Amino acid sequence: KCRTTADLDGCGGSRFGAFLADTWALSLTPGSESWGSAALTTAGTAPTGRWGHAGVFDAVNNRMVTFGGRVATGYTDAVYELTLGGTPTWSQVSVTGTPGVRYFMTYGYDAVNNGLVIQSGYQTTSIVADMWYLPLSGGSVHVWNQLPADATASIGRVTGSATLDPARQQLL
């Protein structure tokens, strides 16, 4: 079910205190929306179990990209991709720079420029009030960029919901 844009993929989470590392597909076919009957079989090196991470669908490269989260040993700033053509395959994405370990951040996908935007969230036990951008195209190493803060971004937030307005290039 991962092979078409009519599906949505998800991974990780927690259940009764256990960190999950499974990957599931949700069919979005109109009239028959449903989760698959079993977790997907994937190739590659999957991320360890996590929750509170960001996950976006990168339509340009037909993949799901995840960032950060809470893991059994603490917190992470790792970026992973799940390619969706053929056999879904996990791999860690090479990045330079970092917004630091992060979980329960607000995030969105920039479809115009093909990138991941994150704002605020927890860094271990502190709430931070910053915004970062990770381009998802161009080259084998991606570089995190800290974005300038505005008055509303100066208030740290956690577990927020957002969408990116492509016309105004704003995280709402």
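What this report covers is the structure whose coordinates are included nearby. By convention here, each chain's residues receive numbers from 1 onward along its written sequence. Two thresholds apply to this predicted model, a pLDDT of at least 70 for residue-level local features and 80 or more for giving and counting side-chain atom pairs, whereas whole-chain, interface and lining totals are computed over all residues. Each side-chain value is derived from all of the structure's non-hydrogen atoms; neither hydrogens nor water enter the calculation.

1. Considering the overall build of the protein chain
- Numbering goes from the N terminus for both helices and strands, where a helix is a DSSP run of H or I of at least four residues and a strand is a run of E of at least two. Helix and strand counts for the protein chain stand at zero helices and 19 strands.
- Burial status across the protein chain gives 38% buried among its 172 residues.
- Residue contacts are counted whenever heavy atoms from the two residues lie within 4.5 Å of one another. Sequence-distant contacts, at least 24 apart, represent 45% of the contacts inside the protein chain between residues at least 6 apart.
- Surface accessibility in these figures is a Shrake-Rupley result with a 1.4 Å probe; residues are shielded only by whichever protein chains are displayed. Accessible surface, the protein chain: about 8,700 Å² in total, of which carbon and sulfur atoms supply 55%. For the exposure calls, accessible area comes from a 1.4 Å probe over protein chains only, and a residue counts as buried if that area is under 20% of its type's maximum, exposed if over 50%, partly exposed in between.

2. Thoughts on the nonpolar core
- By convention a nonpolar core is built from buried Ala, Val, Leu, Ile, Met, Phe, Trp, Tyr and Cys residues, the set being connected through side-chain atoms within 4.5 Å. Residues Phe-67, Val-79, Leu-116, Ile-118, Leu-134 and Trp-144 are the most contacted members of the largest nonpolar core, which totals 14 residues.
- Of all the secondary structure elements, the ones that give two or more residues to this core are β6 (54-58), β7 (63-71), β12 (115-119) and β15 (131-135).
- Residues in contact with Leu-134, not counting those within four places in the same chain, are Val-79, Val-95, Gly-115, Leu-116, His-142, Val-143 and Trp-144.
- Membership of the second largest hydrophobic core comes to six residues, among which are Met-64, Tyr-80, Leu-84 and Trp-90.

3. Observations concerning the packing of aromatic side chains
- Stacked, tilted and edge-to-face are the three classes assigned to paired rings of Phe, Tyr and Trp, where Trp is represented by its six-membered ring and a pair needs centres within 6.5 Å; plane angles under 30 degrees give stacked, over 60 edge-to-face, the rest tilted. According to the stated counting rule, one finds six aromatic pairs in the structure shown.
- Here Tyr-103 and Tyr-122 contribute two aromatic rings whose centre-to-centre distance is 5.1 Å and whose plane-to-plane angle is 25°, an arrangement assigned as stacked. Of the two residues, Tyr-103 sits in the loop between β10 (94-96) and β11 (106-110) while Tyr-122 sits in strand β13 (residues 122-123), which places them 19 residues apart along the sequence.
- Using a relative accessible area of 23% as the deciding quantity, one classes Tyr-122 as partly exposed.
- In textbook terms, an aromatic cluster arises when at least three aromatic residues are bridged by ring pairs, as seen for Trp-51, Tyr-75, Tyr-103, Phe-104 and Tyr-122.

4. Focus on the pattern of salt bridges
- We define a salt bridge as a side-chain nitrogen of Lys or Arg found within 4 Å of a carboxyl oxygen belonging to Asp or Glu. One pass over the full model with this rule turns up three salt bridges.
- One salt bridge in this structure joins Asp-58 and Arg-63, with 2.7 Å as the shortest N-O distance. Neither Asp-58 nor Arg-63 differs from the other in exposure class; each is buried.
- Its salt-bridge partner being Asp-130, residue Arg-102 comes within 2.8 Å of it at the nearest N-O pair. Of this pair, Arg-102 sits in the loop between β10 and β11 while Asp-130 is found in the loop between β14 (126-127) and β15, placing the two residues 28 residues apart along the sequence.
- On the basis of relative accessibility, which here comes to 0%, the residue Arg-102 falls in the buried class.
- For Asp-130, a relative accessible area of 14% gives the class buried.
- Salt bridges sharing partners connect three or more residues here, namely Asp-58, Arg-63 and Glu-81.

5. Describing unusual backbone geometry
- Backbone geometry at Phe-104 places phi at a positive 55°, although glycine is not the residue there.
- Even without being a glycine, Ser-120 presents a positive backbone phi close to 55°.
- Topologically, Ser-120 is positioned in the loop between β12 and β13.

6. Focus on the sheet that holds β15
- Strand pairing requires that DSSP identify at least two bridges connecting the strands. Strand order in the open sheet made by the four strands is β11-β12-β15-β17, with antiparallel pairing throughout. Two strands lie at the open edges of the sheet, namely β11 and β17 (145-146), each paired on one side alone.
- Pairing analysis gives five bridges linking β12 to β15, with the strands arranged antiparallel. Paired with Ile-118 across the strands is Trp-132, a residue of β15.

7. Some words on the pairing of β6
- In β6, alternate side chains face the same way, and those of Ala-54, Val-56 and Asp-58 are buried while those of Gly-55 and Phe-57 on the opposite face are not.
- Bridge count between β6 and β7: five bridges; the pairing is antiparallel. Within β7, the position partnered with Gly-55 by the bridge is Thr-66.
- Between β6 and β7, which pair antiparallel in sequence order, lie four residues; one of them, Asn-62, sits at a positive phi of approximately 50°.

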